[in-house]
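Spelled out from the first residue to the last, the chains are:
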Amino acid sequence: MQQPEPEPQSFDRVLSSMCTEPHPAARAAAERFLATNPGDPATYEAVADLERRAVEGLATLSAHPTPGDAAGYVTSGGTEANVQAVRSARNRHDGSDGRHGGKAVNVVAPTSAHFSFTKAAEVLGVELRTVPLDDDYRADPDAVAAAVDDDTALVVAVAGSTEYGRVDPIPELAAVAGEVGARLHVDAAWGGFVLPFTDHAWSFADAAVDTLTIDPHKYGQAPVPAGGLLAREDAALDALAVDTPYLETRSQATLTGTRSGAGVAGAVAAMDALWPDGYREAAERAADNADWLAGELAARGYDVVEPELPLVAAAVPESTFAALRDAGWKVSRTGTGELRVVCMPHVTRSALRAFLDDLDRVRR
Ligand SMILES: Cc1ncc(COP(=O)(O)O)c(C=O)c1O
């Protein structure tokens, strides 16, 4: 029987995703490179060249000291980049088996860290120590200092947290990590394409950052799958390399084998089209939208977590949240139940007005 052609969702009512509509040039480039595999660079040379450009672009955004030959690669997303950062730090801390002086190597992260670190810890057999936040949802350097020890391979800092869009005090966390010989990883998976237009300290230039996650398929307006892992030193990637006997290239540092050339080509095309002015405009528009929405929600009497990056959280009753979902709004909740709106590039002021109209209707 003939089935109707399946259609993906429209972005009109998507308010909680950290992905967005790809830039048209990125969509076209992704389609052109659909049948390529940067996991086999000696065969798929064109996409391998593009991946070097993608890494240079990401390294430029994150103020790497040598963007032209920065270590890094295009991952399947923030999860893979974070897992690999933990794996690299573990391997460098103790020589690769997850054990250090007979004790488990540990990773110290704020409770705001993305759940990919829970997966990393499980897969890699390292202990994940999560530490409480300050009263504005940021990592507390004193709490991190109390949790680290000689077996700490990595301290995680978040630059744009998933729930509240907060930026941790990264220079302070780097100092804490340095004191015990741990490395510092910055998870800017979501924030990385907005932060260059703010005065937050988050990049390789701002602190002793060892590795950094920055995802083109989130604020970078590239198609999925395109995440990014960058490292200050080549040694961080060398610590991930395994021998690849039957490929013409002799080793591979990525976690996945065959990878999406579409993601790589889409990331390069998006950055070519948008860096820096297009991204700056998107970041400014999103910040305006987030501030405006926060004000509108506060004016309606809701407790609002003031946006730092373009993400608004507000304590909306469960019944109102459910009614908004029923009205077709793709909204989500923080761990403690607040409504979360992520002002991605596809989230327009008119969409937010329509959302507030529905909110006013359903809360009566
Ligand atoms: C801060 C942060 N890190 C990592 C991730 C995981 O990224 P992905 O879903 O691309 O694996 C997310 C996802 O939202 C995120 O917000």
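In this text, all values refer to a predicted model and were calculated from it rather than measured experimentally. (Residues numbered from 1 in each chain as written. Predicted model: local features only at pLDDT ≥ 70, side-chain atom pairs only at ≥ 80, totals over all residues. Heavy atoms only, no water.)

(A) Up close: the nonpolar core. Counting 84 residues, the largest nonpolar core has I170, L184, V186 and F355 as its most contacted members. Of the domains in this structure, domain 1 (24-274) and domain 2 (276-363) are the two that each give at least three residues to this core. Ignoring anything within four residues of it in the chain, the contact list for I170 reads A157, V158, A159, L184, V186, A201, W202, A207 and V209. Counting residues in each nonpolar core, the second largest holds 16 residues, with A89, V107, A121 and A153 among its members. (Core = buried A, V, L, I, M, F, W, Y, C linked by side-chain atoms within 4.5 Å. Buried < 20%, exposed > 50% of the residue type's maximum accessible area, 1.4 Å probe, protein only. Domains from an automatic or database assignment. Contact = heavy atoms within 4.5 Å.)

(B) A look at the site of the ligand. Close to the ligand lie 13 residues, the nearest being T79, T162, D187, H217 and K218. At 2.6 Å, a side-chain N or O of D187 approaches a nitrogen atom of the ligand. Note that an oxygen atom of the ligand is positioned 2.8 Å from one of the side-chain N or O atoms of K218. Starting from 390 Å² of accessible surface for the ligand in isolation, the protein chains cover 83%. With three residues, the top contributor of residues to the shell around the ligand is helix α3 (residues 78-94). (Near = heavy atom within 4 Å. Polar contact = N/O pair within 3.5 Å; in protein donor to acceptor, adjacent residues only side chain to side chain. Areas by Shrake-Rupley, 256 points an atom, 1.4 Å probe, with all protein chains shown as cover. Helix = DSSP H or I, 4+ residues; strand = E, 2+ residues; numbered from the N terminus.)

(C) Representation of the sheet that holds strand β5 (residues 127-131) in the model. The seven strands are arranged β1-β9-β8-β7-β6-β4-β5 in an open sheet whose pairing can be described as mixed. In this open sheet, the two strands that pair with only one neighbour each are β1 (71-75) and β5. Pairwise comparison of adjacent strand axes, ignoring direction, gives a mean angle of 20° for this sheet. With three bridges joining them, strand β8 (residues 211-213) and strand β9 (residues 227-231) adopt antiparallel strand pairing. Paired with L212 across the strands is L230, a residue of β9. Sheet contacts for helix α2 (residues 45-61): β1 and β9; angle to β1, the most-contacted strand, approximately 110°. The strands that helix α4 (residues 116-124) touches are β5, β6 (152-158) and β7 (183-187); relative to β5, the one it contacts most, it runs at about 150°. (Pairing = 2+ DSSP bridges. Axes fitted to C-alpha atoms, helices over the stretch in contact; angles between N-to-C directions.)

(D) How the structure looks around the domain arrangement of the protein. For the protein, the domain assignment lists domain 1 (24-274) and domain 2 (276-363). When each unit is reduced to the centre of its C-alpha atoms, the spacing between domain 1 and domain 2 is 28 Å. Taken together, the 25 residues of domain 1 in the interface contact 25 residues of domain 2. Where domain 1 abuts domain 2, roughly 2000 Å² becomes buried across the two surfaces, and 62% of that area is made up of carbon and sulfur atoms. Where domain 1 packs against domain 2, one counts one salt bridge. In this structure, the salt-bridge partner of R138 is E308, at a minimum N-O distance of 2.1 Å. (Buried area = accessible area lost by both parts, 1.4 Å probe. Salt bridge = Lys/Arg side-chain N within 4 Å of Asp/Glu carboxyl O.)

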